[in-house]
Amino acid sequence: MAKVFERPKSLIDIPMHYCPGCTHGIVHRLVAEAMDELNIREKTIGVAPVGCAVFAYDYFNCDMQEAAHGRAPAVAAGIKRVHPDNVVFTYQGDGDLASIGAAEIVHAANRGEKITTVFINNAIYGMTGGQMAPTTLLDQVTATSPYGRKPETEGYPIRVSEMLATLEGAAYIERVSVHDIKHIVRAKKAIRKAFEYQLEGRGFTLVEVLSTCPTNWGMTPAESLKWLQDNMIPYYPLGVKKEAK
Amino acid sequence: MAKATFDENRCKGCELCVSVCPKKIVVMAEDRINEKGYHPATVEDMDKCIGCAFCAMMCPDVVIEVEK
Amino acid sequence: MSKVLMKGNEAIAEAAIQAGCRYFFGYPITPQNEIPAYMAKRLPQAGGTFLQAESEVAAINMVYGAAGAGARVMTSSSSPGISLKQEGISYIAGAELPCLIVNIVRGGPGLGGIQPAQSDYFQSVKGGGHGDYHLVVLAPSTIQEMVDLVQEGFDIADQYRNPVMILGDGMLGQMMEPVEFEERKSRRLPPKDWATTGWKGDRPRAVINSLFINPQVLENHVNKIYRKYQEIKANETMAECCNCEDAEIIVSAYGTTARIVKSAMEMAARKGIKVGLIRPITLWPFPTETFQEWAQRDHVKAFLTVEMSMGQMVEDVTLSIGGKKPSHFYGRTGGMVPNPADILAEIEKVRGGNA
């Protein structure tokens, strides 16, 4: 018998700290598989965020830097400018990227920094205990929107991919999801393509991954996948938002 | 002929593998508890496994290996 | 090499390039704008990279990334901008990354003004950002010294894996003086085998990080950094002493203010008043022992600290002399620069026991 599925080499063989059913683990694996397939592990430098994925530097089997909250794109820009031939990626959640780090991601994209950002959108702050994120849906109840998010007071969920796709420096931007096998396969293709674009020096690349947070959504992992499909995808349509030819 | 191997002690019992198995052969082992305190996922009727690796692709903790 | 007439800010930039700095990340703010402008022009010629960031916050985090990637890298700003950089500076110190940060200080608090001041002393030497850490803070008083300390600063940063700050002020940044760029011998520096360069398995995997979630591990980490600080204190403390041998009053000042004090000292000498000067060159580590030494001398009757602030370094002077002699203060702030006559008047007041 031959192995048809095994742990990618770019993912260190230790248990991850994520809650049961959290899709961070799936996305970590997809990033690592893309690194394996493109054979870029030895030249990849990753940047970990602040949030649930803060310990990503313990999981990816490559050189890593841990950034301050929201600052990963700036840190990645510093690294990439020093090592233009290396592959540099950031892995960031929605609080990190779309709230406190909004300026950094917009300007990294606008400068066309030749980096790849894996953006986890699960519509909530996980690590700090389920607070409202910029991507929290309308009427979604969180620790800091206990009556549901109201546009009059909290504004609207930000569609990061569409926003960044308007910038000239962005070379490839796609929104994917990991709620079922078909979409997981598609997500991996997108991440791989983003790395390929970076290797070709095309500009800024970002893959937004719709993800779940069973713990803070207060659902089982399976219910969470269904909630993602039913509630997030209608507001956050999947697909390629920008593809430089 | 296919086989799914579960690293049971790393399983967090999220049951996502159960939800995607087309043959409905992945189950939670109700008779035992792993180091983390969960009933781990397992396959009892391995003869029915088709080696699609859906369980492994869905597992957030990368605890499943599949051979075919 | 012959002397050239240069503006302080431009001299800093040129000195950095000559010291091998090839990466500069900054954001515009007065009165340091000549530094990024010079870098924007010269760095590409020298095969380096200048990048104007979207904010000071981004700039210092680019420095973090580049320093973590093993580059000799710097940023510069002025007071309000340095406040914004404090988060990144704390992370850089926590992750033990070498870099040079230049603060061409202007008056504060808040938006303050754009004229020279020394009111960022506390921020520079007492932390500034959160957590247990120190910057090495170098305080030049001439443009030549600024040039020399830039090279020294990069070397200190690399040797100890710690951020170094050049604390100037609007006066030093904007004035012109003749300077010489001597070929300086760099220190023997340890290899940057900890940097993220891509991991081929020939060394431990590089992880640049300041997160230590286990309190015992964090305490051990901070203790390690503080052992390094003890070494820096022992090896790098610098101060200039002028005419202290028979001084009755010792004035203490750094940077621009020390130059003005020297003029006041000449005026005092003509009046027959014996005045010495202790000029800390490293504000951290503070030259405590120098002060202790002179405080024990019988001929020294009192200390007078002069600053362009409401009295910040004077606290370190007072602590250092430990009550052995009276410690007085005179300062101007908000961008006002003390003149020699005012300082002389203060010296006379202190001498007459009226201060």
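This text gives an overview of the structure that appears in the document.

Conventions used here
- Residues numbered from 1 in each chain as written.
- Chains lettered and ligands numbered in written order.
- Predicted model: local features only at pLDDT ≥ 70, side-chain atom pairs only at ≥ 80, totals over all residues.
- Heavy atoms only, no water.
- Helix = DSSP H or I, 4+ residues; strand = E, 2+ residues; numbered from the N terminus.
- Contact = heavy atoms within 4.5 Å.
- Areas by Shrake-Rupley, 256 points an atom, 1.4 Å probe, with all protein chains shown as cover.
- Lys, Arg positive; Asp, Glu negative; His and termini not counted.
- Charge placed at Lys NZ, Arg CZ, Asp CG, Glu CD.
- Buried < 20%, exposed > 50% of the residue type's maximum accessible area, 1.4 Å probe, protein only.
- Arc of directions from axis to C-beta.
- Phe/Tyr/Trp six-rings, centres within 6.5 Å; stacked < 30°, edge-to-face > 60°.
- Lys NZ or Arg CZ within 6 Å of the ring centre and 35° of its normal.
- Polar contact = N/O pair within 3.5 Å; in protein donor to acceptor, adjacent residues only side chain to side chain.
- Buried area = accessible area lost by both parts, 1.4 Å probe.
- Salt bridge = Lys/Arg side-chain N within 4 Å of Asp/Glu carboxyl O.
- Nonpolar A, V, L, I, M, F, W, Y, C, P; charged D, E, K, R; others polar.
- Pairing = 2+ DSSP bridges.
- Axes fitted to C-alpha atoms, helices over the stretch in contact; angles between N-to-C directions.

**Considerations on the overall build of chain C**
Part 1 of the reasoning: Counting its secondary structure elements, chain C contains twelve helices and 15 strands.
Part 2 of the reasoning: For chain C, the spread of C-alpha atoms along the principal axes amounts to about 70 × 50 × 40 Å.
Part 3 of the reasoning: Considering only intrachain contacts with a sequence separation of at least 6, the fraction spanning at least 24 residues in chain C is 80%.
Part 4 of the reasoning: With the model as given, the accessible surface of chain C reaches about 13,700 Å², and the carbon-plus-sulfur share is 51%.
Part 5 of the reasoning: When the 35 positive and 38 negative side-chain charges of chain C are each reduced to one mean point, those points stand 2 Å apart.

**Regarding helix H11 (residues 313–321) of chain C**
Residue and element names in this part refer to chain C.
Part 1 of the reasoning: Considered for burial, the residues of H11 that qualify are Met 313, Val 314, Asp 316, Val 317, Ser 320 and Ile 321. Buried residues of H11, seen end-on, are gathered within an arc of 160° and therefore sit on one face of the element.
Part 2 of the reasoning: The first or second residue beyond H11 is Gly 322, which carries a positive phi of 50°.

**A word on the packing of aromatic side chains**
Part 1 of the reasoning: Evaluation of the coordinates by the stated rule reveals 15 aromatic pairs over all chains.
Part 2 of the reasoning: Relative to Tyr57(A), the ring of Phe55(A) lies with its centre 6.3 Å away and its plane at 70°, an arrangement referred to as edge-to-face. When sorted by exposure, Phe55(A) lands in the same class as Tyr57(A), which is buried.
Part 3 of the reasoning: Site record: aromatic cluster; members linked through ring pairs are Phe60(A), Phe89(A), Tyr91(A) and Phe195(A).
Part 4 of the reasoning: The ring of Tyr235(A) has Arg159(A) lying over it, and the distance from NZ or CZ to the ring centre is 3.8 Å.
Part 5 of the reasoning: Just above the ring of Trp294(C) sits the side chain of Arg297(C); from NZ or CZ to the centre is 4.3 Å.

**Examining the side chain of Gln32(C)**
Residues and elements named next belong to chain C.
Part 1 of the reasoning: For Gln 32, the position within the fold is in the loop between strand S2 (23–26) and helix H2 (34–45).
Part 2 of the reasoning: Among the polar contacts listed, one links the side chain of Gln 32 to the backbone oxygen of Ile 29, at a separation of 2.9 Å.
Part 3 of the reasoning: In terms of polar contacts, Gln 32 uses its side chain to reach the side chain of Asn 33, at 3.4 Å.

**Comments concerning the interface of chain C and chain A**
Part 1 of the reasoning: Taken together, the 32 residues of chain C in the interface contact 35 residues of chain A.
Part 2 of the reasoning: Regarding the contact of chain C and chain A, the summed buried area is about 2,600 Å², with carbon and sulfur atoms giving 56% of it.
Part 3 of the reasoning: It is Glu54(C), Trp199(C) and Arg205(C) in chain C that bury the most area against chain A; as a group they hold 23% of the surface buried on that side.
Part 4 of the reasoning: The interface formed by chain C and chain A contains three salt bridges.
Part 5 of the reasoning: Arg203(C) serves as the salt-bridge partner of Asp63(A), at 2.5 Å between the closest nitrogen and oxygen.
Part 6 of the reasoning: Put simply, chain C and chain A have 20 residue pairs in polar contact (both at pLDDT 80 or more) between them.
Part 7 of the reasoning: Elements represented by at least two residues in the side of chain C that touches chain A include exactly S2, strand S3 (49–52), helix H3 (56–68), helix H4 (79–94) and strand S9 (207–208) of chain C.
Part 8 of the reasoning: Broken down by element, the side of chain C that touches chain A gets its largest block of residues, eight residues, from H3(C).
Part 9 of the reasoning: Considering only residue class, the side of chain C that touches chain A consists of 18 nonpolar, nine polar and five charged.
Part 10 of the reasoning: Where strand S3 (residues 63–66) of chain A and S9(C) come together, two bridges link them in parallel fashion. What sits directly across from Gln65(A), in S9(C), is Ile208(C).

**Thoughts on the environment of Thr142(A)**
All names here are of chain A.
Part 1 of the reasoning: Tracing the backbone through its elements, the reader meets Thr 142 in the loop between strand S5 (116–121) and helix H5 (151–154).
Part 2 of the reasoning: Remark: the alpha-carbon pair of Thr 142 and Gly 130, spanning twelve residues in sequence, is separated by 5.8 Å.
Part 3 of the reasoning: Those residues within four positions of Thr 142 in sequence are excluded, and the remaining contacts are Ile 124, Gly 130, Gln 131, Met 132 and Thr 136.

**A closer look at the sheet that holds strand S1 (residues 3–5) of chain A**
Part 1 of the reasoning: Read across the open sheet, the three strands follow the order S1(A)-S4(B)-S1(B); overall the sheet is antiparallel. Where the open sheet ends on each side, the last strands, each with one partner, are S1 of chain A together with strand S1 (3–6) of chain B. Geometrically, the sheet is characterised by an average inter-axis angle of 30° between neighbouring strands, direction not taken into account.
Part 2 of the reasoning: Of the pairings in the sheet, the one linking S1(B) to strand S4 (residues 64–67) of chain B comprises four bridges and is antiparallel in character. Looking at the pairing, Phe6(B) lines up with Ile64(B) of S4(B).

**A look at the arrangement of the chains**
Part 1 of the reasoning: Ranking by contact count across two pairs of chains in contact places chains A and C at the top.
Part 2 of the reasoning: Here chain B and chain C are not in contact; the least distance found between their C-alpha atoms is 20 Å.

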